[in-house]
Amino acid sequence: MSIAVRFAPSPTGLLHIGNIRAALFNYLFAKSNGGSFMLRMDDTDQERSTQEFSDGIKRDLSWLGYKWDRFARQSERMDRYAEAMEQLKASGRAYPCFETQAELDLKRKTQLGRGLPPVYDRSALKLSGSDRERLLASGHKPHWRFMLDHKNVVWNDGVQGQKSLAGSSVSDPVLVREDGVPLYTFCSVVDDIDFKITHIIRGEDHVTNTAAQIQIWEAITQLPPPSFAHFPLLVSSTGAEMSKRLGTLSIKGIRDDLKIEAMAINSLLARLGTSSPITPQLDLDKLANEFSLDKISHATPKFDLEELKHLNAKILHQTPFESVQTRLNDIIGNNPENEAFWNAVRSNLMTIEDASQLWQIAHGNIKPDIQDRAFIDEALNLLPAEPWDQETWKQWTDAIKLKTGRKGKDLFMGLRLALTGIDHGPEMKTLL
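What comes next is a walk through the structure. Residue numbers restart at each chain and count upward from 1, following the sequence in its written direction. Confidence filtering applies because this is a predicted model: local features only for residues at pLDDT of at least 70, side-chain atom pairs given and counted only at 80 or more, and all residues used for totals across whole chains, interfaces and linings. The basis for the side-chain values is all heavy atoms of the structure; hydrogens and waters are excluded.

**Thoughts on the sheet that holds strand E1 (residues 4-7)**
Spatially, E1-E2-E3 is the arrangement adopted by the 3 strands of the open sheet, whose pairing is parallel. Looking at the sheet topology across the chains shown, the edges are occupied by E1 and strand E3 (70-73). In this sheet, adjacent strand axes meet at a mean angle of 25 degrees when their direction is disregarded. Here, two residues are considered to be in contact whenever any of their heavy atoms come within 4.5 Å of each other. Axis lines are fitted to C-alpha atoms, over the contacting stretch for helices. Their N-to-C directions set the angle, which ranges from 0 to 180 degrees. Only DSSP runs of H or I reaching four residues or more are called helices, and only runs of E reaching two or more are called strands; each is numbered from the N terminus. Contacting E1 and strand E2 (36-41), helix H1 (residues 17-32) crosses the sheet at an angle of about 165 degrees to E1. In short, DSSP must find at least two bridges between two strands for them to pair.

Put into structure tokens, the structure is as follows:
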């Protein structure tokens, strides 16, 4: 059996760091097993879905290095959903309901007030044929629900192990809204059947959906349902729930505003909440080769932006010039010294944008920080003539030490401040 997975975002907003973890897990699982990775836009919500968000999703995934093998849009498959819906109606598994949203909300509040689970009471099934005809004639449009079997739904979860959920503990899911729009729970099953998805890897907030979707699957086809794996959702470093509406944690914001490298995100998310150590990696292949659902912990992982920033620095420290040449040229210009400059400064970068300041130190104008004018004047008199090389700094500082008697921080920090204007940075022998 050829493994096939999918990432199915709704183009109703920016991709968030939590969304990307789901995409990455699916991508790595497919690549580690020689399978296919599908991108599917779950865009049946035409009121909130936009082309701009859809394009943004594609741009973010491409930037991160995830290449999809197949692509589909739910909005282009409405005829197929209508066909599957007729099949469920004919088999008696789909039934019309006429309650308004306000009426349903009141029912839920009443049930909760009585200490009962807010499960739909199936009152629509008590309507006679004449009752339904009367409601339709008066302009009421039904929404359609799927009739769950009140039995235990059991599956072996790829992360959580053996799972069992009673069908009676959840409401019959709505398949189609009053306005005729099919909903996620239903469309996803039809798509997963048609595209022969073998494994569904997603957050643990979908566990209840899984129980219903397995039953919908079995009502539509005799094919065995896919394997499911539900991983714990990320929380912030303080334990707060992550929200995709936090723009600072959108992939666009992390890339464009924080200047984080794609592989820093991949390196962190691939290992966060697993038994594998978080280490900087420069390509997805190594992450794929070491990825396994068995390594995902049951504990809730905490996402720390500062950890991502530090990992980003480690990524840059290992990144060869060829991988950043085009972007570096955009920052400091296309110069013949760029490769030597990159190799000199990369170990001191937190983001690639930091190269701009260091380029100014090496080739531009700076404001020197001179603590002792007489000492600096004497040091300048001892500076060897150009050209300078890796040995010049030592030759120069040895001469200064011999002449002035200065040593250690008293010698080196004074020179660094005068030459660079800052008290830290790349090795002076290389920068010189």
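There is more to say, and it comes next.
**Regarding the sheet that holds strand E5 (residues 143-146)**
The strand order across the open sheet built from 3 strands is E4-E5-E8, with neighbouring strands paired in antiparallel fashion. Of all strands in the sheet, those with a lone pairing partner are strand E4 (94-97) and strand E8 (174-176), marking the two edges. Across the sheet, the mean angle separating the axes of adjacent strands is 45 degrees when strand polarity is ignored. Where E5 and E8 come together, 2 bridges link them in antiparallel fashion. Each residue of the ladder has a partner; that of Arg 145, found in E8, is Val 174.

**Let's talk about helix H9 (residues 262-271)**
For H9, the tally of buried residues reaches 10 of 10 residues, placing the bulk of the element in the interior. Under the scheme applied here, a residue whose accessible area is under 20% of the maximum for its type counts as buried, over 50% as exposed, and between as partly exposed, the area being computed with a 1.4 Å probe on protein chains only. Among the residues of H9, Ala 262, Met 263, Ala 264, Ile 265, Asn 266, Ser 267, Leu 268, Leu 269, Ala 270 and Arg 271 are the ones counted as buried. On its buried face, H9 sits against H1, helix H2 (51-64), helix H8 (251-256), helix H10 (284-289), strand E12 (302-303) and helix H11 (305-318). Within two residues after H9, Gly 273 carries a phi angle of roughly 80 degrees, on the positive side.

**Observations regarding the state of the cysteines**
Each disulfide is one covalent bond, formed between the sulfur atoms of two cysteines. When the sulfur atoms of two cysteines come within 2.5 Å, that pair is taken as a disulfide. Applying the stated criterion across every chain yields a total of 0 disulfides. Note on Cys 97: no disulfide assigned, nearest cysteine sulfur contributed by Cys 187 at a separation of 17 Å. Note on Cys 97: relative accessible area 0%, which makes it buried.

**Details of the nonpolar core**
Counting residues in each nonpolar core, the largest one holds 48 residues, and the members touching the most others are Ile 20, Leu 28, Leu 61, Tyr 66, Ile 265 and Phe 303. The greatest single-element share of this core, amounting to 10 residues, is contributed by H1. Every residue in contact with Leu 61, bar those within four places of it in the chain, is listed here: Phe 7, Leu 15, Ile 20, Ala 23, Leu 39, Tyr 66 and Trp 68. Among the nonpolar cores identified, the runner-up in size contains 27 residues, and Leu 328, Val 345, Trp 396 and Leu 415 belong to it. Among the buried residues, those of types Ala, Val, Leu, Ile, Met, Phe, Trp, Tyr and Cys that are joined through side-chain atoms within 4.5 Å form a nonpolar core.

**A closer look at the pattern of salt bridges**
For side chains bearing opposite charge, pairing can occur when the charged atoms are close. One side-chain nitrogen of Lys or Arg within 4 Å of one carboxyl oxygen of Asp or Glu is enough to make a salt bridge. A complete count under the given rule lists 30 salt bridges for this structure. Residue Asp 60 is joined to Arg 255 by a salt bridge in which the shortest nitrogen-to-oxygen separation is 2.8 Å. Taken as a pair, Asp 60 in helix H2 and Arg 255 in helix H8 lie far apart in primary sequence, 195 residues in all. Taken as a pair, Asp 60 and Arg 255 share a single burial class, namely buried. Note that Glu 86 and Lys 89 form a salt bridge whose closest N and O atoms lie 3.4 Å from each other. Here the residue Glu 86 and the residue Lys 89 both occupy positions in helix H3 (residues 78-90), the gap between them amounting to 3 residues, near one helical turn. The class for Glu 86 is partly exposed, based on a relative accessible area of 47%. Taken together, the shared-partner salt bridges in this structure form one network comprising Arg 6, Arg 40, Asp 42, Arg 77, Arg 80, Glu 83, Asp 191, Asp 192 and Asp 194.

**What to know about the packing of helix H15 (residues 373-381) against helix H16 (residues 392-404)**
The relative placement of two packed helices comes down to the angle between their axes together with the axis-to-axis distance. Relative to each other, H15 and H16 sit at 125 degrees, their axes nearing to 10 Å. The angle between the axes of H15 and H16 places the two elements in the oblique class. The element H15 and its partner H16 pack so that their crossing is right-handed. Of the residues in H16, those in contact with Phe 375, Glu 378 and Ala 379 of H15 are Trp 396, Ile 400, Lys 403 and Thr 404. Under this grouping Gly is polar, as are all residues other than the nonpolar Ala, Val, Leu, Ile, Met, Phe, Trp, Tyr, Cys and Pro and the charged Asp, Glu, Lys and Arg. Partitioning the contact of H15 with H16 into residue classes produces 4 nonpolar, 1 polar and 2 charged. Between 65 and 115 degrees an angle is taken as roughly perpendicular, under 35 as roughly parallel, over 145 as roughly antiparallel, and anywhere else as oblique. Definitions for this section: a left-handed crossing has its near helix turned counterclockwise from the far helix by less than a right angle. A right-handed crossing has that turn clockwise.

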